Amino acid sequence: MNWVAEFFTYETTKSVVVKSWTVGVINRAVQLLIISYFIGWVFLHEKAYQMRDTSIESSVVTKVKGFGMYSNHVMDTADYVTPPQGTSVFVIITKLIVTKNQVQGLCPENQEKYVCKSDSECKKPVPTTGGGILTGRCVNYSATSQTCEIQGWCPAEMDSVPVPVMLEAENFTLFIKNSIRFPLFNFEKGNILPSLTIEDIQKCRFDPVEQPFCPILRLGDIVKFAGQDFATLANTGGIIGIKIGWVCDLDHSWDRCVPKYSFNRLDSVSEKNKVSPGYNFRYAKYYQRENGTEYRTLMKAYGIRFDVLVYGNAGKFNIIPTLINTVAAFTSVGVGTVLCDIILLNFLKGADQYKAKKFEEVTDTALHPDTSSSPMYRSSQTLGGRCEEKQSTDSGAYSLGL
């Protein structure tokens, strides 16, 4: 039944004062590091005394202005902005490959991989590329070549022809209206600050240093801030991220909560891809002739897609996280004691005497009074000729001089 006796035991702390410069310096140094960490990093930098709200609610409205010239046509926002609703994600079309007057019917493919000499070469699975569904017939494409016949919108699209780029888009302007709310604190604000007047908005252009709160941004500047070349990006297409950060300390005044803009290319991986670099998509405009025949104009559009991304969090003083982190700080100071115990018990001379005084077992056996051995009347003794032992009569704390 030894395990029963071992189970019903009680452990209590015993104070042993060790007078050692080595251990004392280590103990105070560790305590200083821990206190510095909690004060400098946890409380001042991370502001652990605050309650934080990361569930930011946001709305974004965008509006692009500017005119461009493309294929002898003047382009306005209705021509080059899609979708037209002014959402947080939109595309500025900078290059178009147009295939006019397509109708449903049969026609030869125009891609080189569909060149054929017999019908057997065209009996392939339904393709996911090309202009339509293969009929299984090899037909004349020109007087000198044959290709597989397709059923679909004819004539088939020729998307490898060179076309110009609308470089005027570099000077288009983008207006961003962003409203945010932190529901935990019922805090609301917008990126159009009260200090901005109508005249300021009409004249200002965003600059991260001189005009960091202007909501009007030039497209060429956005691309430049993202580290890209506008002419190259307009030719191949790409995706630019406009990030609006709201990191607010609500212990300060309302005016101190302001947006911070940053820019980067979101599809930088595809930029290095030889298979499908950049960004493009297709759309069509449908018409109907007088005889009821439907036809369309197919357009393959290259453009710059802008994604307006809003993020942020807010913090405000609260007693609960303050108490929790304060208690954690005081508790962590005890790490110094653990480290010093490891050094004393294993690495310093006099470790045996320290073990003997730190760990002691007391049983229920009654001790006979012996004035000669009683700690109240015991004089100082020397341990091993090197360790001086003293005991206080009121606190029971031993002092070891190593």
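On a predicted model such as this, the values are computed, not experimentally measured, just so you know.

Participant: How would you explain the confidence of the model for the protein if you had to name every residue and give the values?
Facilitator: Reading fine detail from the predicted coordinates is not recommended where pLDDT is low. Averaged over all residues, the pLDDT of the protein equals 85, while 88% of them reach at least 70. Every residue in residues 376-399 is under pLDDT 50, and counting partners more than four places away or in other chains gives 45 contacts.

Participant: Run through the state of the cysteines, naming residues and quoting values.
Facilitator: Across all of its chains, the model carries 5 disulfides by this definition. Shown here is the disulfide that connects C122 with C148, its sulfur atoms set 2.1 Å apart. In this structure the cystine formed by C122 and C148 twists about its S-S bond by roughly -90°; its chirality is therefore left-handed. In this pair, C122 is assigned in the loop between β7 (89-108) and β8 (132-140) and C148 in strand β9 (residues 146-154), connecting sequence segments 26 residues apart. Residue classification places C148 among the buried residues on the basis of a relative accessible area of 1%. A disulfide bridge connects C204 with C214, and the sulfur atoms are separated by 2.0 Å. Handedness of the C204-C214 disulfide follows from its S-S torsion of about 75°: it is right-handed.

Participant: Go over the side chain of T322, please, and point to the residues and values.
Facilitator: Mapping T322 onto the fold places it in helix α8 (residues 319-332). Looking at T322, its side chain comes within polar contact range of the main-chain oxygen of N318, at 2.8 Å. Residues within four places of T322 in sequence aside, it is in contact with F43, A48, Y49 and F317.

Participant: How would you sum up the packing of helix α2 (residues 21-45) against α8? Please name residues and give values.
Facilitator: Between α2 and α8, whose axes approach to 9 Å, the crossing angle comes to 155°. Taken together, the axes of α2 and α8 are roughly antiparallel relative to one another. The chirality of how α2 crosses α8 is right-handed. Each of I34, F38, V42 and F43 in α2 lies in contact with α8, whose residues at this interface are T322, N325, T326, A328, A329 and S332. When the residues that make up the contact of α2 with α8 are grouped by side-chain class, the tally is 6 nonpolar, 4 polar and no charged.

Participant: Account for unusual backbone geometry, with residues named and values stated.
Facilitator: The peptide bond linking T82 to P83 adopts the cis configuration, its omega dihedral lying at -10°. Assignment of secondary structure puts P83 in the loop between β6 (81-82) and β7. With an omega of 0°, the peptide bond between C154 and P155 qualifies as cis. Inspection of the secondary structure assignment puts P155 in the loop between β9 and β10 (173-182). Even without being a glycine, N186 presents a positive backbone phi close to 55°. As for its position among the elements, N186 is in the loop between β10 and β11 (187-190).

Participant: Lay out the environment of I97 in plain terms, naming residues and giving numbers.
Facilitator: Mapped onto the elements of the fold, I97 is located in strand β7. Beyond its immediate chain neighbours, meaning those up to four positions away, I97 contacts M158, D159, V161, V163, L298, M299, K300 and Y302.

Participant: Lay out the environment of C214 in plain terms, naming residues and giving numbers.
Facilitator: The topology assignment puts C214 in the loop between α4 (198-203) and β12 (216-218). In this structure the C-alpha to C-alpha distance between C214 and I176, which are 38 residues apart in sequence, comes to 9.3 Å. Look past the residues within four positions of C214 in its chain and what remains in contact with it is C204, R205 and F206.

Participant: So what about the pairing of β7? Which residues, and what values?
Facilitator: As defined by bridge partners, β6 adjoins β7 across 2 bridges and the pair is classed as antiparallel. Paired with T82 across the strands is V91, a residue of β7. Counting the residues between successive antiparallel strands, the hairpin from β6 to β7 contains 6 residues, one of them, G86, with a positive phi of roughly 75°. Looking at chain direction, β7 and strand β16 (residues 294-317) are connected through 11 bridges and run antiparallel. Paired with L96 across the strands is A301, a residue of β16. Pairing between β7 and β9: 6 bridges, direction antiparallel. The residue of β9 that forms the bridge with Q104 is W153.

Participant: Now, about α2: what can you tell me, with residues and values included?
Facilitator: End to end, α2 covers 34 Å across 25 residues, agreeing with the expected 36 Å (1.5 Å per residue, within 8%). When α2 is considered as a whole, its buried residues turn out to be V23, N27, V30, Q31, I34, F38, V42 and F43. Of the surrounding secondary structure, the elements contacted by the buried residues of α2 are α8 and α9 (335-346). After α2 finishes, the residue K47 shows a positive phi value of roughly 50°.

Participant: Which residues make up a nonpolar patch on the surface, and what values do they have?
Facilitator: Together, F317, I319, I320, L323 and I324 give the surface a local cluster of nonpolar side chains, amounting to about 520 Å² of exposed area. Top element by residues in the nonpolar patch is α8. It accounts for 4 residues. Tracing the backbone shows F317 in strand β16.

Conventions we followed
- Residues numbered from 1 in each chain as written.
- Predicted model: local features only at pLDDT ≥ 70, side-chain atom pairs only at ≥ 80, totals over all residues.
- Heavy atoms only, no water.
- pLDDT = per-residue confidence, 0-100.
- Contact = heavy atoms within 4.5 Å.
- Disulfide = S-S within 2.5 Å.
- Helix = DSSP H or I, 4+ residues; strand = E, 2+ residues; numbered from the N terminus.
- Buried < 20%, exposed > 50% of the residue type's maximum accessible area, 1.4 Å probe, protein only.
- Polar contact = N/O pair within 3.5 Å; in protein donor to acceptor, adjacent residues only side chain to side chain.
- Axes fitted to C-alpha atoms, helices over the stretch in contact; angles between N-to-C directions.
- Parallel < 35°, antiparallel > 145°, perpendicular 65-115°, else oblique.
- Left-handed = near helix turned anticlockwise from the far one by under 90°.
- Nonpolar A, V, L, I, M, F, W, Y, C, P; charged D, E, K, R; others polar.
- Pairing = 2+ DSSP bridges.
- Expected span 1.5 Å × (residues − 1).
- Patch = residues over 30% accessible without salt bridge, like charges linked within 9 Å, V, L, I, M, F, W, Y side chains within 5 Å.
- Areas by Shrake-Rupley, 256 points an atom, 1.4 Å probe, with all protein chains shown as cover.
- Salt bridge = Lys/Arg side-chain N within 4 Å of Asp/Glu carboxyl O.

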